[in-house]
Amino acid sequence: MTLSLRKFVLFLGITFVFPWLFLIVIPHGKMKKQVEAVSWQDEAAGKTLMYPAGTPNIFQRGHAVYAAEGCANCHTQYIRPMYLGSDSYREGFGKAGTLTEPVRIRETQPGDYAGEDYAYLGNARIGPDLSNVGYRYTADEFHLHLYKPQAVHATSLMPPFSHLYEVRKIRGQRSADALALTGEHDPGPGMEVVPTETARALVDYLTTLKKDSPLPEGMAPVAAQPAGEAAADQG
């Protein structure tokens, strides 16, 4: 009986300890080492670069709203390496940058989530990936899309987040931050739609999503996009 109990305890130890060691402890150690700040000189750009890129670009309140509203159920924040998919070449993953700020499309690295208590990688792409969505919309466009997605894309499957906005009578002059709704989406004469503080926090967070900071040597991106190509896409 005692021998059987010892075997049972040993079996439990092997069953739970080894997976915990190889699936949690060892990967955590590797990731922690990988996200340590590294700086190097970029001779072409003539400046010193750092990875992760300085202070984490995260609005904590907006991050919490993103979680509470279940955005990660339909969106990912993860650009897969080439052996898992062709994300780095797909339009809508941050491809269109600006003339002065081109997007570097590359696979996701652990340091991209520095500063986040929980990384909302997501596991479904019912909607597009949001890794670099901060390049694709202005704050006003984000608000319009959140309040009434079909006002931006008629065939959008995204549900409206109108509960994050206030429909109210115009008091004197139209508010500077009122949404530019037209046609069937217009709230009506003398009415306007304005974002609540919760909506502003969420949009502040979304505008920071530009997870494409330069990588140090030895962590080269899979596919980098030249500035000229980004400019052509933007035009």
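Here is what the cut-offs are and how they apply
Residues numbered from 1 in each chain as written. Predicted model: local features only at pLDDT ≥ 70, side-chain atom pairs only at ≥ 80, totals over all residues. Heavy atoms only, no water. Helix = DSSP H or I, 4+ residues; strand = E, 2+ residues; numbered from the N terminus. Buried < 20%, exposed > 50% of the residue type's maximum accessible area, 1.4 Å probe, protein only. Contact = heavy atoms within 4.5 Å. pLDDT = per-residue confidence, 0-100. Patch = residues over 30% accessible without salt bridge, like charges linked within 9 Å, V, L, I, M, F, W, Y side chains within 5 Å. Areas by Shrake-Rupley, 256 points an atom, 1.4 Å probe, with all protein chains shown as cover. Salt bridge = Lys/Arg side-chain N within 4 Å of Asp/Glu carboxyl O. Phe/Tyr/Trp six-rings, centres within 6.5 Å; stacked < 30°, edge-to-face > 60°. Axes fitted to C-alpha atoms, helices over the stretch in contact; angles between N-to-C directions. Parallel < 35°, antiparallel > 145°, perpendicular 65-115°, else oblique. Nonpolar A, V, L, I, M, F, W, Y, C, P; charged D, E, K, R; others polar. Core = buried A, V, L, I, M, F, W, Y, C linked by side-chain atoms within 4.5 Å. Left-handed = near helix turned anticlockwise from the far one by under 90°.

Across its full length, the protein holds 5 helices and 4 strands. Helices and strands in the protein line up, N terminus first, as α-β-β-α-α-β-β-α-α. Residues classed as buried in the protein amount to 34% of the 235 residues present. Long-range pairs, those at least 24 residues apart, make up 67% of the contacts in the protein with a sequence separation of at least 6.

On to the confidence of the model for the protein. Detailed conclusions should not be drawn from predicted coordinates in areas where pLDDT is low. Looking at the protein as a whole, its pLDDT mean stands at 78, while 73% of the residues score no less than 70. The low-confidence segment residues 221–235 (pLDDT under 50) makes 27 contacts with residues lying over four places distant or belonging to another chain.

Before going further, it helps to spend a moment on a nonpolar patch on the surface. Side chains of L10, I14, V17, F18, W20, L21, F22, L23, I24, V25 and I26 sit close together on the surface and give an oily, nonpolar patch of about 1,100 Å² of accessible area. Locating I26 in the fold gives a position in helix α1 (residues 2–34).

Glancing now at the packing of aromatic side chains. When we look at a pair of aromatic rings, we describe it by the centre distance and by the angle of the planes. Scanning the model with the defined rule gives 5 aromatic pairs in all. Ring centres of Y137 and F142 lie 5.2 Å apart, and the angle between their planes is 45°; on these two criteria the pair is classed as tilted. When its relative accessible area of 24% is taken as the criterion, Y137 is described as partly exposed. In this structure an aromatic cluster arises from ring pairing among Y66, Y118, Y120 and Y205.

Glancing now at the packing of helix α2 (residues 60–68) against helix α4 (residues 197–207). The N-to-C vectors of α2 and α4 enclose an angle of 100°; their axes lie 7 Å apart at closest approach. Overall, the two elements α2 and α4 adopt an arrangement that is roughly perpendicular. Between α2 and α4, the contacting residues are R61, G62, H63, V65 and Y66 on the first element and E197, T198, A201, L202, Y205 and L206 on the second. Partitioning the contact of α2 with α4 into residue classes produces 6 nonpolar, 3 polar and 2 charged.

The biggest cluster of nonpolar side chains holds 24 residues, and the ones touching the most others in it are Y66, L146, Y165, L202 and L206. Among the secondary structure elements, those contributing two or more residues to this core are α2, α3 (139–147) and α4. Here the element with the most residues in this core is α4; it accounts for 5 residues. Once you skip the residues sitting within four places of it in the chain, L146 turns out to touch M158, P160, F161, S162, Y165, L202, V203 and L206.

Scanning the entire structure with this criterion turns up 9 salt bridges. The closest approach of N and O atoms between K211 and E116, which form a salt bridge, is 3.2 Å. Taken together, the residues K211 in the loop between α4 and α5 (227–234) and E116 in the loop between α2 and α3 connect sequence positions 95 residues apart. Pair check on accessibility: K211 and E116 agree, each one buried. With its nearest N and O atoms 4.0 Å apart, the salt bridge here joins R168 to E166. On the accessibility criterion, E166 (35% relative accessible area) is partly exposed. When salt bridges that share partners are traced, they join R80, D87, R125 and D129 into one network.

Okay, the environment of S88 next. Tracing the chain through its elements places S88 in the loop between α2 and α3. Judged by relative accessible area, which is 4%, S88 ranks as buried. Counting along the chain gives 19 residues from S88 to E107, while the straight-line C-alpha distance between them is 6.7 Å.

Here we take up the packing of α3 against α4. For the pair α3 and α4, interaxial distance at closest approach is 10 Å and the crossing angle is 120°. Classed by the angle they form, the pair α3 and α4 counts as oblique. Every pair of crossing elements has a handedness; the one defined by α3 and α4 is right-handed. Of the residues in α4, those touching α3 at A139, F142, H143 and L146 are A199, R200, L202, V203, L206 and T207. Looking at the contact of α3 with α4, its residues break down into 7 nonpolar, 2 polar and 1 charged.

Before going further, it helps to examine α4. Because each turn of an α-helix spans 3.6 residues, side chains separated by three or four positions in sequence point in the same direction. Within α4, burial applies to A199, A201, L202, V203, Y205 and L206. Buried residues along α4 sit against α2, α3, β3 (165–169) and β4 (191–195).

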